[in-house]
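Here is how the chains run, residue by residue.
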Amino acid sequence: MDGTVDAGGVLRANRVLYEAGEYHGVSAALLPAATQLVAAAEVQPGQRVLDVGAGDGSVAALCRDRGADVVACDLSPVQMVRAVARCPGMPAVAGDAGRMPFADASFDAVLSSFGAVIAPDPETTAAELFRVCRPGGLVVLTAWPPDSFMGELNAAVRAAAPDPAAFPDQELDWGVPETASARCAPYADEVTTERRSFVWDPAARSAAGAADCAARYLGSLLAGVDIGAERTRIAVRHQGPDGLVAEFLLVTARKSRS
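The numbering scheme is per chain: residues are counted from 1 as the chain's sequence reads. A pLDDT threshold of at least 70 governs which residues receive local features in this predicted model, and a stricter bar of 80 or more applies before side-chain atom pairs are shown or counted, although totals over entire chains, interfaces and linings include all residues. Values shown for side chains rest on all heavy atoms present in the structure; no hydrogens or waters enter the calculation.

1. Examining the overall build of the protein chain
Stage number 1. Helix and strand counts for the protein chain come out as ten helices and eight strands.
Stage number 2. Put simply, the radius of gyration uses C-alpha atoms, and a globule should come to 2.2 Å times the residue count raised to 0.38. For 258 residues, the compact-globule estimate of 2.2 N^0.38 gives 18 Å, and the C-alpha radius of gyration of the protein chain, at 17 Å, lies within 12% of that figure.
Stage number 3. Seen through its C-alpha atoms, the protein chain measures out along the principal axes to roughly 55 × 40 × 35 Å.
Stage number 4. Burial classes follow relative accessibility: with a 1.4 Å probe on protein chains only, a residue under 20% of its type's maximum area counts as buried, one over 50% as exposed, and anything between as partly exposed. Across the 258 residues that make up the protein chain, the buried fraction comes to 50%.
Stage number 5. Of all intrachain contacts in the protein chain linking residues separated by at least 6 positions in sequence, the fraction that spans at least 24 positions is 75%. Only DSSP runs of H or I reaching four residues or more are called helices, and only runs of E reaching two or more are called strands; each is numbered from the N terminus. Whether two residues are in contact is decided by their heavy atoms: any pair within 4.5 Å suffices.

Here it is, written out as structure tokens:
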């Protein structure tokens, strides 16, 4: 991470963003990627699974549907309330992905859908993800490649922000296969990366309307700045036959047994 980045400021901005309004539109739009993430992790009945950066618990819910015993962790207490509403009875803990309140080797699988990858210190976060995973267990993440629709859009918004160093979504390169592999390699026997995609559903994304958390946050952060034209230009480059294509990187790492 660039030493000029204010890690505390980024964490505060992340919490403010996701507590600024409704989250269900974001969660619904990202559900296709969450589904692919859980399938890649091959979650089994009876496994103990940690959902990091859990948001409203979309990954946790998919894991519970497979019979897993799931714990959710997110920086935002508001998100944890949402996650428990979605998954009644699930343990949910407010905590930073870079410093999680769990014992070593507590989980069979540690999953994160676009959550842990925005924590401001990626090396520390990687160490934490593997610390809480048991030897031989899986750590599985999703991230936006820099040249994907969301990667380019986030970069455009960050560039327009008055204080890019404290923007919630830093450019930490988890979506670059070589970088993601290098961060996992010290802790893993094997690491695979695969570029995946899904068709972005504009109706799902806009379901919360003006109450949407990102709409409210960015409206405040970028008051007077028109990012719409730039979004349109970026979207044109990512159109497929069925609509806007959102590409992401799926990272799967098996923790070393020794």
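2. Examining unusual backbone geometry
Stage number 1. If you check the backbone angles, Ala 105 has positive phi at about 55° while not being a glycine.
Stage number 2. Considering the arrangement of structural elements, one finds Ala 105 in the loop between strand S3 (92-94) and strand S4 (107-113).
Stage number 3. Classification of Ala 105 by relative accessible area gives partly exposed; the value is 39%.
Stage number 4. A positive phi angle, close to 65°, is found at Asp 173, a residue other than glycine.
Stage number 5. In this fold, Asp 173 is placed in the loop between helix H6 (149-160) and helix H7 (177-184).
Stage number 6. Residue Asp 173 is classed as partly exposed on the basis of its relative accessible area of 32%.

3. A short note on the UniProt feature "domain: Methyltransferase type" (unreviewed entry) in the protein chain
Stage number 1. Using the residue numbers shown here, the UniProt feature "domain: Methyltransferase type" (unreviewed entry) corresponds to residues 50-140.
Stage number 2. This span, residues 50-140, is 31% helix and 30% strand, and a straight line between its end C-alpha atoms measures 11 Å. UniProt positions are given in the numbering used here, feature names are shortened, and annotations may be inferred rather than shown by experiment.

4. Considerations on the pairing of strand S2 (residues 69-74)
Stage number 1. Judged by how many residues are buried, S2 sits mostly within the fold: five of six residues are covered.
Stage number 2. The sheet contact formed by strand S1 (residues 48-52) and S2 spans five bridges and is parallel. Opposite Arg 48, over in S2, you have Asp 69 as the bridge partner.
Stage number 3. Taken together, S1, helix H3 (residues 58-65) and S2 constitute a β-α-β crossover, and its handedness is right-handed.
Stage number 4. Here a crossover is taken to be right-handed if, once the strands point away from the viewer, the path from the first strand over the helix to the second is traced clockwise. A crossover links S2 with its parallel partner S3, the connecting element being helix H4 (residues 77-86), and its sense is right-handed. Following DSSP output, two strands are said to pair if at least two bridges run between them.

5. What to know about the pairing of S4
Stage number 1. Extensive coverage of S4 is indicated by the burial of six of its seven residues.
Stage number 2. Where S1 and S4 come together, three bridges link them in parallel fashion. What sits directly across from Asp 51, in S4, is Leu 111.
Stage number 3. Summarising the sheet, S4 and strand S5 (residues 133-143) pair through six bridges and their orientation is parallel.

6. Focus on the nonpolar core
Among soluble globular proteins, nonpolar side chains are generally buried collectively.
Stage number 1. Put simply, a nonpolar core is a bunch of buried Ala, Val, Leu, Ile, Met, Phe, Trp, Tyr and Cys residues held in one set by side-chain atoms that sit within 4.5 Å of each other. Counting 46 residues, the largest nonpolar core has Val 43, Val 49, Cys 63, Leu 111, Trp 144, Phe 198 and Trp 200 as the members making the most contacts within it.
Stage number 2. When residues in this core are grouped by element, the largest group, eight residues, is from helix H2 (residues 24-41).
Stage number 3. Setting aside residues up to four positions removed in sequence, Leu 111 forms contacts with Leu 37, Val 38, Ala 41, Val 43, Val 49, Leu 50, Asp 51, Val 52, Val 59, Cys 63 and Val 140.

7. A word on the packing of helix H1 (residues 7-18) against helix H9 (residues 213-221)
For any two helices packed against each other, one specifies the inter-axial angle together with the distance between the axes.
Stage number 1. The interhelical angle for the contact between H1 and H9, taken along N-to-C directions, is 125°, at an axis separation of 8 Å. Of the possible angle classes, the one that applies to H1 and H9 is oblique. Counted together, Ala 13, Val 16, Leu 17 and Tyr 18 of H1 and Cys 213, Ala 214 and Tyr 217 of H9 form the full contact between these two elements.
Stage number 2. Throughout, the ten residues Ala, Val, Leu, Ile, Met, Phe, Trp, Tyr, Cys and Pro are labelled nonpolar, Asp, Glu, Lys and Arg are labelled charged, and all others, Gly among them, are labelled polar. Looking at the contact of H1 with H9 residue by residue, the class counts come to seven nonpolar, no polar and no charged. To get an axis, a line is fitted to the C-alpha atoms, and for a helix only the part in contact is used. The angle between two axes follows their N-to-C directions and goes from 0 to 180 degrees. Roughly parallel refers to an angle under 35 degrees, roughly antiparallel to one over 145, roughly perpendicular to one between 65 and 115, and oblique to any angle outside these ranges.

8. Brief notes about the packing of aromatic side chains
Stage number 1. Geometry of aromatic contacts follows a simple scheme: Phe, Tyr and Trp rings, the Trp one being its six-membered ring, pair when their centres are within 6.5 Å, and the pair is stacked under 30 degrees between planes, edge-to-face over 60, tilted otherwise. Enumeration over the complete set of coordinates arrives at nine aromatic pairs.
Stage number 2. Their ring planes at 90° and their centres at 5.3 Å tell us that Phe 102 and Phe 107 sit as a pair that is edge-to-face. Grouping residues by exposure puts Phe 102 and Phe 107 together as buried.
Stage number 3. Put simply, the rings of Phe 114, Trp 144, Phe 149, Phe 198, Trp 200 and Phe 248 pair up and form one aromatic cluster.
Stage number 4. Whether a charge sits over a ring depends on NZ of Lys or CZ of Arg being within 6 Å of the ring centre and within 35 degrees of the ring normal. Just above the ring of Trp 174 sits the side chain of Arg 183; from NZ or CZ to the centre is 5.0 Å.

9. Topic: the environment of Ser 58
Stage number 1. In this structure, Ser 58 sits in helix H3.
Stage number 2. Residues Ser 58 and Gly 224 lie 166 residues apart in sequence; the distance between their C-alpha atoms is 34 Å.

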